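# Examining the three-dimensional arrangement
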Amino acid sequence: MPVLLHDTMTRETLPLLPRRADGTYGMYCCGPTVYGPAHIGNFRTFVLQDTLRRVLETEGLRVRHIRNITDVDDKTIRGAQAAGKTLAEFTRGWTEKFHRDCAALNLLVPHVEPGAVAHIPQQVRMIEALVARGHAYVAKDGSVYFKVCSCPDYGKLSHLDRSRLATQSTNSAGEANDADEYDRESAADFALWKARKPEDGANFWPSPWGEGRPGWHIECSAMSLEHLGATFDLHAGGVDLCFPHHENEIAQSECATGVKGFAAHWFHSAHLMVEGAKMSKSLGNLFTLDDLAAKGWSPMEVRWALLAGHYRSPLNFTFKGLEDARSALAKLERAADALLAAAGFSRAEFAPPSVNETQVTWGRFAAAWERLRDDLNVPGALGEAFKALAAPAADAAQARQDVAGLARLLHALGILPFQERPALAVPEAVAALAARRWEAKQARDFAAADRLRAEIAAAGWTMLDRKDGYDLRPS
RNA sequence: GGUGCGGUAGCCAAGUGGUAAGGCCGGGCUCUGCAAAAGCCCCAUUCGUCGGUUCGAUUCCGACCCGCACCUCCA
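The shown structure was predicted, so the numbers you read here are calculated from the model rather than taken from an experiment. (Residues numbered from 1 in each chain as written. Chains lettered and ligands numbered in written order. Predicted model: local features only at pLDDT ≥ 70, side-chain atom pairs only at ≥ 80, totals over all residues. Heavy atoms only, no water.)

### As for the overall build of chain A
Assigned secondary structure in chain A consists of 15 helices and 15 strands. By residue count, 50% of the 475 residues in chain A fall in the buried class. Considering only contacts in chain A between residues 6 or more positions apart, those separated by 24 or more positions represent 75%. Here chain A displays about 21700 Å² of accessible surface, and carbon together with sulfur accounts for 54% of that area. If the 54 positive side-chain charges of chain A are averaged to one point and the 59 negative ones to another, these points end up 3 Å apart. (Helix = DSSP H or I, 4+ residues; strand = E, 2+ residues; numbered from the N terminus. Buried < 20%, exposed > 50% of the residue type's maximum accessible area, 1.4 Å probe, protein only. Contact = heavy atoms within 4.5 Å. Areas by Shrake-Rupley, 256 points an atom, 1.4 Å probe, with all protein chains shown as cover. Lys, Arg positive; Asp, Glu negative; His and termini not counted. Charge placed at Lys NZ, Arg CZ, Asp CG, Glu CD.)

Put into structure tokens, the structure is as follows:
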């Protein structure tokens, strides 16, 4: 039974099967533009892509995962100039930050992470092919545009009517489109190569059409061709990329190579809302992982919260949702501990299964896995997992099966249990009060202990007693 | 206007032509100097509205209402 996933192009839920003879499953994911820290909206998409990859690998497929880094565009150039750095220095810094965040969220490292700047020749070659085949034209200033009307099935992914694309004037985005208004033959045509402008600074490259830089869409076409070939299994991104980015990629790639069927399957994840509102800088709700860490939320709690909804529905990210995630994760960890104890295992033995393991054991988590395999239904899978966990294992043998199944399931979800939560910085005064209260409690001076508890509460902290000590957390 | 997604308990969120998973919160009990935690139990006669098909619909069909997203460079 293969993994099933909804496909944007056909609008059907289809099996995910490798098309290559060698059995590898090639997936290309549109990665970040590295001009600042990625926010949780970006990470919802990357977490979902990572989860899909994990599910495919758990199913036994050998996945080849490509995720690009966009390291040249208006935003990166402006950012580098504002920071007084070269483009390469600037984007390297943000790429490294991105990698740290990905690691914290337990995202598997892609097999290749190609960058646009490192693939200029490939992009130029593809543009040359498009010009040679009559799918692109050179404008007066040396920019090159893709001729949308030369591609009869343009619009097949987003199901947009081509006749409307060129003529529409009342759409919401029509107004703010001056940046690329050079001298296109049609409003629907898009830039493949942008002629050098003064504001580009040192960021230009030679080409047959003069100095300049590649347009945005062409990088993914060139890099997917370079690393996966003219056709490959799956292409992923956020819903916003469906049009025009992915539509343009299809047009460029298929027209340049002459091979139809650029990507066999399209995986788009819905956007994230924050506290019921669209994320935007003006609302100040563009949280980064660091923002959330500063408020005491661990990356695993964030990952859980980001996975809490089905990928095709918009997810409303809230602090209540993070609290839910924290409680649910803690509950899962307790249940896992109980299972480990029943099986006679230690936490160290709660390891993900090896990829080549032939004996696939799901124990009582088979139903959860079925959910996951059917259109990446994470909420359904979690529901089944908790249902399975509600009753204790019948005996040690079942507990051992369950441990294997749960470990496998959590590995597929990328959930790492038993992570240390980062300790919050406790103010010295509060720490001192807590120490005094602990002493008072040990001396059974409960009146003093209660008084100190109240003082700690007044300072905004809650003291939680354990048998052998205590924890402090902001109240 | 076009295209798409969705409206299920206080919140989040699955799901099915046969009578509503799960998580969070809340309530009760047990345990416990107190507090918290934990364990156990309880918590939607009902699935946006109105029709239709059906022995039976939340699930299929139609209409309507509401929300959201995209419609040229935002994951």
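So that's the structure; there's more coming.
### Some remarks on the pairing of strand 2 (residues 12–16)
For a regular strand, the rule is simple: side chains alternate between the two faces of the sheet. Two elements, strand 1 (residues 3–7) and strand 2, share 5 bridges in a ladder whose sense is antiparallel. What sits directly across from Asp-7, in strand 2, is Glu-12. The loop that links strand 1 with its antiparallel partner strand 2 comprises 4 residues; one of these, Arg-11, has a positive phi angle of about 60°. (Pairing = 2+ DSSP bridges.)

### Observations regarding the domain arrangement of chain A
With domains assigned, chain A is organised as domain 1 (3–269), domain 2 (274–413) and domain 3 (428–474). Centre-to-centre, using C-alpha coordinates, domain 1 lies 31 Å away from domain 2. The interface is formed by 30 residues belonging to domain 1 together with 35 residues belonging to domain 2. Between domain 1 and domain 2 lies a buried interface of about 2800 Å² when both sides are counted; carbon and sulfur atoms form 65% of it. Scanning the region where domain 1 abuts domain 2 turns up 3 salt bridges. Of the charged contacts, one joins Arg-373 and Glu-59 as a salt bridge, the two residues approaching to 3.0 Å between their closest N and O atoms. Across the contact surface, domain 1 and domain 2 share 15 residue pairs in polar contact (both at pLDDT 80 or more). If you list the elements that add at least two residues to the side of domain 1 that touches domain 2, you get strand 1, helix 1 (40–59), helix 3 (87–104) and strand 10 (263–269). (Domains from an automatic or database assignment. Buried area = accessible area lost by both parts, 1.4 Å probe. Salt bridge = Lys/Arg side-chain N within 4 Å of Asp/Glu carboxyl O. Polar contact = N/O pair within 3.5 Å; in protein donor to acceptor, adjacent residues only side chain to side chain.)

### Some details on the pairing of strand 4 (residues 62–67)
As defined by bridge partners, strand 3 (residues 24–29) adjoins strand 4 across 6 bridges and the pair is classed as parallel. Bridge pairing in strand 4 links Gly-26 to Arg-64. In terms of handedness, the path from strand 3 via helix 1 over to strand 4 forms a crossover that is right-handed. (Right-handed = clockwise from strand over helix to strand, strands pointing away.)

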